[in-house]
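Geometric and topological summary
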Amino acid sequence: NSNCEAASIESVTVSAPTINDDNNKNIPTNTIDNNLETKWSATAFGTYLQLNLHSIKKLCSIDVAWDKGDRHENNFMISISKDGKTFTDILKGTSSGSNNGFENYGIVPQVDAKYIKVSFYGRSGQGNNDSDNNNSVKVSEVRINTAASI
């Protein structure tokens with residue numbers, strides 16, 4: 001949508017501990033550092049990233065860059081909240097499994113949110129001989145797109 005722009009994300013939190021590999025380099029803030037070479041990873045089914053936009057914005061879409069996104073299909077749910085306590089599910093999806101860059105997930109109709117939660121529910125696809133399991137999630141980057149200020 002041409003009336004949308006990448007929003008500034010104030011903070012990111014997670015529901016589960018990070019995978020203890022690579023000397024704890026795969027931390028949640030890697031998902032908002034504008035660097036596709038870094039990532040966050042966790043192994044618990046239902047793990048989520050919660051992104052705080054600082055103020056309520058009209059949400060247009062969410063872009064997610066999945067680590068090894070060309071080898072796995074990742075199942076996810078996007079939920080939103082204005083207060084950070086009560087969340088409403090707005091989009092259930094599966095990544096394409098064919099893309100290492102950003103995948104765009106449009107939100108129609110656009111909704112108001114301050115907090116966006118992206119919950120992860122396992123994966124499938126090639127490369128499942130990796131050292132981790134099918135409940136693991138690895139995300140390189142997340143971008144929240146909101147209606148442009150006028």
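Scroll up to find the structure this text is about.
Below, the structure is looked at part by part. (Residues numbered from 1 in each chain as written. Predicted model: local features only at pLDDT ≥ 70, side-chain atom pairs only at ≥ 80, totals over all residues. Heavy atoms only, no water.)

1. Description of the overall build of the protein
Selection criterion: Each helix is a run of DSSP H or I of at least 4 residues and each strand a run of E of at least 2, with the numbering of both proceeding from the N terminus. Whether a residue is buried, partly exposed or exposed follows from its accessible area with a 1.4 Å probe, protein chains only, as a fraction of its type maximum: under 20%, in between, or over 50%, in that order. Whether two residues touch is decided by their heavy atoms; if any such pair falls within 4.5 Å, the residues are in contact. Method for areas: the Shrake-Rupley scheme with a 1.4 Å probe, in which residue coverage is limited to the protein chains shown.
Each helix and strand counted, the protein has zero helices and eight strands in total. Shown N-terminal to C-terminal, the secondary structure of the protein runs as helices and strands in the order β-β-β-β-β-β-β-β. A buried classification covers 46% of the 150 residues belonging to the protein. Contacts in the protein between residues at least 24 apart in sequence constitute 76% of all its contacts with a sequence separation of at least 6. Carbon and sulfur atoms make up 45% of the accessible area of the protein, which totals about 7600 Å².

2. Remarks on the pairing of strand β6 (residues 88-94)
Convention followed: Two strands make a pair as long as DSSP finds a minimum of two bridges between them.
Relative to β6, strand β5 (residues 73-81) runs antiparallel, the two being bridged by six bridges. The partner of isoleucine 78 across the bridge, within β6, is leucine 91. Taking the residues that link successive antiparallel strands as the turn, the β5-β6 hairpin has six residues, and the phi of glycine 84 there is positive, at about 80°.

3. Things to note about unusual backbone geometry
Here the amide bond leading from valine 108 into proline 109 is cis, since omega sits at -5°, within 30 degrees of zero. By the element assignment, proline 109 lies in strand β7 (residues 102-124). The phi dihedral of histidine 54 falls on the positive side, at around 80°, and the residue is not glycine. If you trace the backbone, histidine 54 turns up in strand β4 (residues 48-66).

4. Concerning the environment of threonine 47
Rules: Within 3.5 Å is the distance limit for a polar contact, defined as a pair of N or O atoms, with the added protein rule that one can donate a hydrogen and the other accept it, and that residues adjacent in sequence qualify only through two side-chain atoms.
Along the chain, threonine 47 turns up in the loop between β3 (40-42) and β4. When the C-alpha atoms of threonine 47 and phenylalanine 120 are compared, they prove to be 5.5 Å apart, with 73 residues separating the residues in sequence. Here alanine 44 takes part through its backbone oxygen, which lies 2.5 Å from a polar atom of the side chain of threonine 47.

5. A few points about the packing of aromatic side chains
Condition: Working definition: a ring pair exists when centres of Phe, Tyr or Trp rings (six-membered ring for Trp) sit within 6.5 Å. Plane angles under 30 degrees give stacked, over 60 give edge-to-face, the rest tilted.
Following the criterion strictly, the structure yields five aromatic pairs and no others. Considering the side-chain rings of tryptophan 40 and phenylalanine 120, the 5.8 Å spacing of their centres and the 50° angle between planes classify their relative orientation as tilted. Placement of tryptophan 40 in strand β3 and of phenylalanine 120 in strand β7 is noted, with a sequence separation of 80 residues between them. Grouping residues by exposure puts tryptophan 40 and phenylalanine 120 together as buried. Taken together, a centroid distance of 5.7 Å and an interplanar angle of 90° make the contact between tryptophan 66 and phenylalanine 120 edge-to-face. Taken together, the residues span a long stretch of sequence, with tryptophan 66 in strand β4 and phenylalanine 120 in strand β7 at a distance of 54 residues.

6. Side note on the environment of serine 79
Among the structural elements, serine 79 can be located in strand β5. Given the relative accessible area of 3%, serine 79 is considered buried. It is 8.9 Å that separates the C-alpha atoms of serine 79 and lysine 92, two residues lying 13 residues apart in sequence. Here serine 79 is in contact with Phe87, Thr88, Asp89, Ile90, Tyr115, Ile116 and Lys117, once residues within four sequence places are set aside. Looking at serine 79, its side chain comes within polar contact range of the side chain of aspartate 89, at 2.6 Å.

7. Looking at the pattern of salt bridges
Put simply, the rule is: A pairing counts as a salt bridge when a side-chain nitrogen of Lys or Arg comes within 4 Å of a carboxyl oxygen of Asp or Glu.
Under the counting rule described, the total for this entry stands at three salt bridges. Aspartate 112 serves as the salt-bridge partner of lysine 58, at 3.2 Å between the closest nitrogen and oxygen. Residue lysine 58 is located in strand β4, and its partner aspartate 112 is located in strand β7; the two are separated by 54 residues in the primary sequence. Relative accessible area serves as the criterion here: at 36%, lysine 58 is assigned to the partly exposed category. A salt bridge links arginine 143 to aspartate 63; the shortest N-O distance between them is 3.0 Å. Placement of arginine 143 in strand β8 (residues 137-147) and of aspartate 63 in strand β4 is noted, with a sequence separation of 80 residues between them.

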